[in-house]
Amino acid sequence: MSDEADLSARPADLGSRDSRWVRVLRRFAGTDTGVRERQLPFAVGFGLALLTLLVVPEVATHPRAVAGASALVVALVAAAWLLPWHRWPAGAQEVLPMAQLAAVALLRAGTGGPSSMFGALVFLPVVTLASRPGRRGMVLATAGVMASVLVPLLVDPVARPGQAVVRAVFVALVAGVIALTVHEATSRLRARNAALDELRGEQVRLNRELQRDAVVLEEVAAGREHAYRHLVSVIDAVTEQAIVATSAEGVVEVFNLGAERLLGVDADDAVGRPVVAFLDREGLRRNYRAVFGSDPVPAEDDADDDTDDEDTLLFSAVASPTIVAQTSEADWVFHRPEDGVGTVHLSVTRRADAHGSTLGYVFVAKDVTAEREATRLKDEFVSLISHELRTPLTSVLGFLELVLDGPDPLTDEQRHFLLVVQRNARRQLRLVSDLLLTAQVDAGTFAISPRRADVTAVARAAVQDAEPAAAAAGLTVQAHGGPVEIEVDPERLAQVLANLVSNAVKFTPQGGRVDVRVAPTDDGGARLEVEDTGIGIPREDLDRLASRFFRASTATRRAIPGVGLGLSIAKAVAEAHGGTLDVRSKVGEGTTFVVTLPPTVAPPALEAER
């Protein structure tokens with residue numbers, strides 16, 4: 001049996017608990033009872049009366065009246081079966097029980113009048129009329145009963161009128177009480193049936209919706225299962241990166257092939273273990289202290305399970321940065337299965353539901369041990385070479401100045417040679433200084449010493465230093481702008497402008513010009529522009545200009561000398577001041593570098609650089 005059929009049957013089951021007479025009323029006088037069913041109780045009762053007359057024929061005192069009543073009942077039954085009552089107003093059906101009252105009156109008149117044994121039949125049409133909607137049926141039933149009781153006076157002149165009237169009133173009152181009782185019962189039954197029908201319809205509707213929802217949920221579940229299997233297959237296909245998915249508590253749930261290769265642990269052994277078990281514990285403790293400012297101390301009541309409790313605490317420090325940013329990235333030390341420890345670049349992403357509650361975390365790790373070691377060795381090499389070259393070059397330049405300014409006379413040729421040596425030594429010293437500054441920026445030890453200074457004066461000094469090279473190249477170099485005093489490190493700013501102006505001179509053909517403009521900004525800071533009419537920079541190279549040792553394709557094609565450190569240093573100095581370095585360029589038309597500086601260097605920014 002279908003669910004819908006079950007739901008349809010439930011109201012009927014409820015009705016089975018009703019009393020028997022209520023069920024009889026509902027069957028033959030309920031809201032769903034047809035015209036034919038309403039005639040059956042009376043027809044059966046009248047038939048029993050006729051059977052009684054056949055058994056006891058002497059009861060019939062006026063056979064014609066009995067015959068008339070019988071004919072009327074047959075006509076009523078035929079009318080109930082044959083006439084189209086559904087096409088007529090509902091009130092038309094009240095004609096049938098009124099005619100039944102007339103048949104009862106004729107039967108009583110033909111079977112002894114006031115003493116007739118068939119007077120009880122009068123209550124059957126009363127029940128039928130009283131079960132009709134509205135109170136009109138009760139009025140008609142009461143009046144009809146009184147009339148049917150008074151009819152024997154017309155055929156029995158011997159009857160006492162006073163007693164007949166009293167009997168008629170009494171029977172009418174009893175009929176009225178019965179009619180009222182039946183009407184109230186059928187009204188309640190009708191209301192209950194309507195409520196049950198409404199509930200049945202609602203249950204059927206809800207059942208259909210549940211069935212539709214079940215189909216949708218099944219499709220969604222199948223889709224999620226397919227998506228999950230697809231995702232797992234994609235994750236397993238990634239072998240160059242380790243992908244680990246955990247629960248909200250940090251317990252491993254997914255462990256791909258890349259993670260197996262990186263950590264040397266089978267997925268079956270890794271699933272169910274805390275993810276922090278694969279990272280260096282001392283590094284995790286340092287991270288916990290950095291995040292929470294204290295050591296990860298397990299609770300006293302967890303003394304028997306200190307390791308698990310500490311794992312939970314350590315994982316909370318790993319996961320905490322993702323609460324706001326959703327994703328965090330950092331280098332972590334992990335244990336290699338064969339050769340000690342290594343370094344991974346770990347990206348942690350928090351998975352959340354629609355309400356923001358944490359569902360779990362996804363760890364994506366890449367082995368960067370070789371890269372970080374190469375970077376460390378390169379930085380050590382640059383720092384070492386810078387210090388080893390800076391000291392002798394400084395000494396060489398010092399002795400050159402002593403020779404050039406000494407009391408012993410020099411020939412013109414000797415002075416020329418010494419000046420060439422001095423120029424190249426200074427160039428090498430600048431290169432070594434740039435390398436050392438780059439190493440300081442990468443190591444996080446780069447610092448500035450800000451003080452109140454005139455930015456325009458620094459720009460004019462940079463222009464004066466570049467004038468000899470510009471004159472030799474056939475260029476015009478000029479500084480524009482009035483005094484602009486802000487908090488700045490003049491030496492570092494001079495280094496920025498020297499790099500930008502020297503680049504502009506180097507990349508501008510003969511006959512061009514370089515303009516350095518200084519202007520105050522709306523917030524009280526300074527804006528410096530170095531504009532040239534040089535060869536320009538391709539659009540695809542602009543985003544990489546500030547990278548170390550990067551040179552634009554226009555410079556490499558023309559074999560213009562340089563090592564690609566000037567712009568990275570300029571950007572580092574500008575950012576250390578809390579400013580920015582921007583560039584606009586078009587190939588063949590020129591380039592403009594813009595340095596924007598705030599009015600003061602905020603202490604937090606300064607400390608961050610240190």
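Conventions adopted
Residues numbered from 1 in each chain as written. Predicted model: local features only at pLDDT ≥ 70, side-chain atom pairs only at ≥ 80, totals over all residues. Heavy atoms only, no water. Axes fitted to C-alpha atoms, helices over the stretch in contact; angles between N-to-C directions. Helix = DSSP H or I, 4+ residues; strand = E, 2+ residues; numbered from the N terminus. Parallel < 35°, antiparallel > 145°, perpendicular 65-115°, else oblique. Left-handed = near helix turned anticlockwise from the far one by under 90°. Contact = heavy atoms within 4.5 Å. Nonpolar A, V, L, I, M, F, W, Y, C, P; charged D, E, K, R; others polar. Salt bridge = Lys/Arg side-chain N within 4 Å of Asp/Glu carboxyl O. Buried < 20%, exposed > 50% of the residue type's maximum accessible area, 1.4 Å probe, protein only. Core = buried A, V, L, I, M, F, W, Y, C linked by side-chain atoms within 4.5 Å. Pairing = 2+ DSSP bridges. Phe/Tyr/Trp six-rings, centres within 6.5 Å; stacked < 30°, edge-to-face > 60°.

Undergrad: Can you explain the packing of helix H6 (residues 123-130) against helix H7 (residues 136-150)? Please cite residues and give values.
TA: With their axes 8 Å apart at the nearest point, H6 and H7 run at an angle of 160° to one another. Viewed along their axes, H6 and H7 adopt a mutual orientation that is roughly antiparallel. For the element pair H6 and H7, the recorded crossing hand is right-handed. Seen from H6, the contacting residues are Val126, Leu129 and Ala130; seen from H7, they are Gly137, Met138, Leu140, Ala141 and Val145. Across the contact of H6 with H7, the residue classes tally to seven nonpolar, one polar and no charged.

Undergrad: How would you sum up the environment of Ser294? Please name residues and give values.
TA: As for its placement among the helices and strands, Ser294 is situated in the loop between helix H12 (281-292) and helix H13 (306-319). Not counting residues up to four positions away in its chain, the partners in contact with Ser294 are Tyr288 and Arg289.

Undergrad: Lay out the pattern of salt bridges in plain terms, naming residues and giving numbers.
TA: Under the counting rule described, the total for this entry stands at 13 salt bridges. The closest approach of N and O atoms between Asp515 and Arg517, which form a salt bridge, is 4.0 Å. Taking relative accessible area as the criterion, Arg517 reaches 32% and is therefore assigned partly exposed. Each of Arg513, Asp515, Arg517 and Glu531 takes part in one network of salt bridges that share partners.

Undergrad: Pulling in residues and values, what's your account of the nonpolar core?
TA: Of all hydrophobic cores here, the largest spans 38 residues; its most connected members are Leu493, Leu497, Leu528, Val530 and Val595. Mapped onto this core, the elements with two or more residues apiece are helix H17 (455-472), strand E7 (476-480), strand E8 (485-488), helix H18 (490-506), strand E9 (513-520), strand E10 (526-532), helix H20 (566-576) and strand E12 (590-597). Apart from the residues within four sequence positions on either side, Leu497 is in contact with Val458, Ala459, Ala462, Leu528 and Val530. Of all hydrophobic cores here, the second largest spans 29 residues; its members include Ala259, Tyr288, Phe334 and Ala365.

Undergrad: Describe in detail the sheet that holds strand E4 (residues 341-352), supporting the description with residues and values.
TA: Read across the open sheet, the five strands follow the order E2-E1-E5-E4-E3; overall the sheet is antiparallel. The open sheet has two edge strands with one neighbour each: strand E2 (252-255) and strand E3 (327-335). Across the sheet, the mean angle separating the axes of adjacent strands is 25° when strand polarity is ignored. Note that strand E1 (residues 242-247) and strand E5 (residues 358-367) share six bridges and pair antiparallel. Of the residues in E5, the one forming a bridge with Ser247 is Gly360.

Undergrad: Give a description of the pairing of E1 that names residues and reports values.
TA: Burial of E1 is extensive: six of the six residues sit out of reach of the surface. For E1 and E2, the ladder comprises three bridges, and the chain directions are antiparallel. Its bridge partner lying in E2, Ala245 is registered against Val254.

Undergrad: Can you tell me about the packing of aromatic side chains, naming the residues and giving the values?
TA: Counting across every chain of the model gives five aromatic pairs. Aromatic rings pair up to connect Phe315, Tyr361 and Phe363 into one cluster.

Undergrad: Account for the pairing of E12, with residues named and values stated.
TA: A regular strand carries its side chains on alternate faces of the sheet. E12 sits mainly inside the fold: seven of its eight residues count as buried. Sheet analysis places E10 next to E12, joined by six bridges and oriented antiparallel. For Glu531, the partnering residue across the bridge sits in E12 and is Thr592. Examined bridge by bridge, strand E11 (residues 580-586) and E12 share seven bridges and lie antiparallel to one another. Within the sheet, the bridge partner assigned to Ser585 lies in E12 and is Thr591.

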